[in-house]
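Residue strings, one per chain:
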Amino acid sequence: MDLYDYQWEVIQPALEGQNIIIWLPTGSGKTRAAVYVTKRHLQNKRNAKVAVLVNKVHLVDQLYTKEFNPHLKDDYRLIAISGDSDEKCFFADAVKTHDVIVCTAQILQNALEAKDELKHVELTDFTLLVIDECHHTHKDGVYNKLMESYVEKKLRQEWSLPQILGLTASPGTGRATNIDRAKEHILQICANLDTWKIMSPKVHRPQLEEKAQQPQKEYNLTDQRPQDPFGDRLKRIMNAIHDHLDDDELQGTELGTQIYEQKIVELEKEGAVEACRKKRVCALHLRKYNDALLIHDTVRMIDAFNALETFYIIETLRKTQDDPTEQFLFRIFDENKQELSQLANDTRYQNPKLQMLEKILLEHFAYSAESCGIIFTKTRLSTHSLHEWICTSDGLEGLAKITAALTGTGSNSQTKHMTPCEQKEVIKRFREGKLKLLVSTSVAEEGLDIPACNIVIRYGLMTNETAMIQARGRARAPDSTYSILAARGGKEIRKLQTESIISRKMKQQKLDEKKRTFRPHDVRLYCRNCNEAVAHGNDLRTIENSHHVNISLDFKIYYNVSDTPVDLGRKMIDWEAGGLISCTCGQEWGMEIVYRAVNLPAISIKNFVVETSDGHRKTYKKWKDVPFAVEEMNYEEVCALHYSDLSD
């Protein structure tokens, strides 16, 4: 393995066994340096075992295929494990039989928490942890949860812990507004990772700067639309809904903003908790109008109109419209639908940002067959809308066949997510030169093996400094351009570690105390949509601390099951997916799972309102936050319930 001088410089403490962070720009060889450290560690450390941790599923295969396996496969046993691979169910076995495990941090965290001895692993099973994109080791991220147990063990003076090697292109500043706060943020990252040095080249910095040349930066600022009748019409509709609701709090908030969206989300929660259908239904519709305003500001008016119209088409099919509030909401949309459609197609009011984007793309792609670039945008919806605009724009006709959308693989209620295979295929075609332009969410900012681009555009994205540095690092080709397009308009390490541990312990203690507040049989669950009481807390059980199922046979009368099983894209050891389950009112609840031949409804708490014995009602996003304990499922108990005719 040939390394540059600046790479040799930054890895020296790691070769001596010290915990460090390697800080190198995107494309300058952080991962290659980590591979070399891993190789030397395997050669020199007795009973060495290495875990290479990533924070995104798609990076597992990339790091394994492109870096670690090619250089280590001749002498060592390697395996790649992620949520998309069957091997995740056999993680503990893989740890025993392999020298290097490339996996998501969540897979390792699950194994650390597993109570089943056959699935459990310890941090001390490893001698080196390589943590990719280590700047994410803060707050409640999985890296930080994993490192919390590491630091706890160290503070208890348990010394047989693995060496830590963090990799980052930018540790960030944690949104700090002054230099002292920025330093404190970076120091906290070091404390969380138990690293004592951040290594960035000094002696050989000129060589690094020559290797990782910075792109030319441009700020392309546009004016707002001089006239906006489409947006004005949407706002008039929203204000009419406000009047129908008679809610003073919403009146003064600027529409089409994230702040307004937060208020609407809280309003929907209040409606669910108070069993106020009027408030809840109006909030759901107002959020769609606010989404339309956000889309309208980002891409085309027709994209905003189509998103709104699709919502009402789906609602028409799902709802009976026998509720007075729903009748009002459907009527007001129908009354404005034709006018909105006409305005959405009026070219006089098109988005100035799109005009600027078209100009930038033409400058780079109209006269050069070698140009290659990425447009970063905020949401999946805006990603697909921008891609469609490029493919249908008369001025960008030549780009249609060489442009593709790239989004994450996680599920999303607004738009269809990409499967890992679809994602890999897009990146493969981009790397091979069959595609020249990607329209992407932040999924392409970090880690992906994407070729050097000569144009990177952040479209309406003024986010944190880490994201901007990561995105800028994609513009690595000679004479490249990094464009931002938008509308105008210190403590000591040990002390930080101790405080962080105490803070997280207290937070967890409060959560645990909440769970002990109410007895499960005193808690009731109501459908979030129709407010029907459907379950008690003592009907619920957990399976391997993961699935929350209702074992009561009476629960079946409240839900329907889809005929088509959910496609998870992978196999599980003890269970398989059944169909989606939903309330008889149409509210989705979760999915049925077949656990050791027993069909059980696995439900998501976000789809219910929880009522406790004191009459308090609340919604929860995650099971870990509910104010009662859920027992681990006893398989024999469930079999006895479901198969009562079986003899002892």
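Residues numbered from 1 in each chain as written. Predicted model: local features only at pLDDT ≥ 70, side-chain atom pairs only at ≥ 80, totals over all residues. Heavy atoms only, no water.

Helix and strand counts for the chain come out as 20 helices and 24 strands. Looking at the chain residue by residue over its 648 residues, the buried ones come to 51%. As displayed, the chain offers around 31,800 Å² of accessible surface, 47% of which is attributable to carbon and sulfur atoms. (Helix = DSSP H or I, 4+ residues; strand = E, 2+ residues; numbered from the N terminus. Buried < 20%, exposed > 50% of the residue type's maximum accessible area, 1.4 Å probe, protein only. Areas by Shrake-Rupley, 256 points an atom, 1.4 Å probe, with all protein chains shown as cover.)

Counted according to the given criterion, the structure contains eleven aromatic pairs. Seen from their ring centres, Tyr-4 and Tyr-6 are 5.5 Å apart, and the 5° between their planes marks the pair as stacked. The exposure class of Tyr-6 is buried, given its relative accessible area of 0%. Within the aromatic cluster, the residues linked to one another by ring pairs are Tyr-289, Phe-311, Tyr-312, Phe-330 and Phe-333. Positioned above the aromatic ring of Tyr-635 is the side chain of Arg-596, whose terminal nitrogen or guanidinium carbon lies 5.2 Å from the ring centre. (Phe/Tyr/Trp six-rings, centres within 6.5 Å; stacked < 30°, edge-to-face > 60°. Lys NZ or Arg CZ within 6 Å of the ring centre and 35° of its normal.)

Here we take up the packing of helix α15 (residues 352–365) against helix α16 (residues 380–392). For the pair α15 and α16, the least separation of the axes is 12 Å and the interaxial angle reads 60°. Considered as vectors, α15 and α16 are oriented oblique to each other. In this structure, α15 crosses over α16, and the sense of that crossing is right-handed. In this structure, α15 uses Leu-354, Leu-357, Glu-358 and Leu-361 to contact α16, whose residues at the interface are Leu-386, Trp-389 and Ile-390. Split into classes, the residues belonging to the contact of α15 with α16 amount to six nonpolar, no polar and one charged. (Axes fitted to C-alpha atoms, helices over the stretch in contact; angles between N-to-C directions. Parallel < 35°, antiparallel > 145°, perpendicular 65-115°, else oblique. Left-handed = near helix turned anticlockwise from the far one by under 90°. Contact = heavy atoms within 4.5 Å. Nonpolar A, V, L, I, M, F, W, Y, C, P; charged D, E, K, R; others polar.)

This part covers helix α17 (residues 420–431). Here α17 spans 16 Å end to end across twelve residues, near enough to the 16 Å set by a 1.5 Å rise per residue. The set of residues buried in α17 consists of Gln-423, Val-426, Ile-427 and Phe-430. Buried residues of α17, seen end-on, are gathered within an arc of 95° and therefore sit on one face of the element. In this fold, the buried residues of α17 make contact with α3 (57–72), β9 (373–376), β10 (403–406) and β11 (437–440). One or two positions beyond α17, positive phi appears at Gly-433, with a value near 90°. (Expected span 1.5 Å × (residues − 1). Arc of directions from axis to C-beta.)

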